[in-house]
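Inside the fold
Listed below, chain by chain, are the residues.
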Amino acid sequence: VNSYPDLDAAGCGFDVGICSAIIEHVPYPREVLRSLLDSMAPGGRAYFRTPSMTPVIKFASRFGKTIGFTYPAHLHDMGQAFWDNLLPTLGAQGYELTRSRPAFVEADFRVHPAMAVVSFLLKCPWYLLGSHYRMVGGWEAIITKIPSDRSA
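Below: a short report on this structure. Small disclaimer: the values here were computed from a predicted structure and weren't measured.

So, about the pairing of strand β2 (residues 40-52). Across six bridges, strand β1 (residues 14-20) lies against β2 in parallel orientation. Bridging from a neighbouring strand, I18 pairs with Y47 of β2. After leaving β1, the chain enters helix α2 (residues 29-38) and then returns to the sheet as β2, a path that is right-handed.

Shown next as structure tokens:
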């Protein structure tokens, strides 16, 4: 196993990057995301799992419930709109958002069965309603670096 102080020192050529429940804690994620994408090999993929809680928090507040989510625990809420607009916002050409959907990884059914069921039920309507439904709690995205023979 090689260890590097940062992505620039590691160089390019990663086939897989996993950023699960991390990027929402980075104060200014733009440069980190850009560095991660730039470090991928052609055909490489980066997997992201991030929270998408704002609609859930607003809904719970209507019933007098508070969900502790924001600073300092989380700095960003990164759901569908964030991931669908990331590549154009970064001006990142040569990349493709190959998956953007609710993340079903929330709780282990054997450890927290009620939480796992509620999470699953909250996410399911998105598959029928798409971006019109936002109560998903968590999001996952996969970005692929397009090989040069495909990008032309």
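The next subject is the pattern of salt bridges. A complete count under the given rule lists two salt bridges for this structure. Its salt-bridge partner being E140, residue R101 comes within 2.6 Å of it at the nearest N-O pair. Taken as a pair, R101 in strand β3 (residues 95-102) and E140 in strand β4 (residues 137-145) lie far apart in primary sequence, 39 residues in all. Take R101: its relative accessible area is 27%, and that puts it in the partly exposed class.

What counts and how
Residues numbered from 1 in each chain as written. Predicted model: local features only at pLDDT ≥ 70, side-chain atom pairs only at ≥ 80, totals over all residues. Heavy atoms only, no water. Pairing = 2+ DSSP bridges. Helix = DSSP H or I, 4+ residues; strand = E, 2+ residues; numbered from the N terminus. Right-handed = clockwise from strand over helix to strand, strands pointing away. Salt bridge = Lys/Arg side-chain N within 4 Å of Asp/Glu carboxyl O. Buried < 20%, exposed > 50% of the residue type's maximum accessible area, 1.4 Å probe, protein only.

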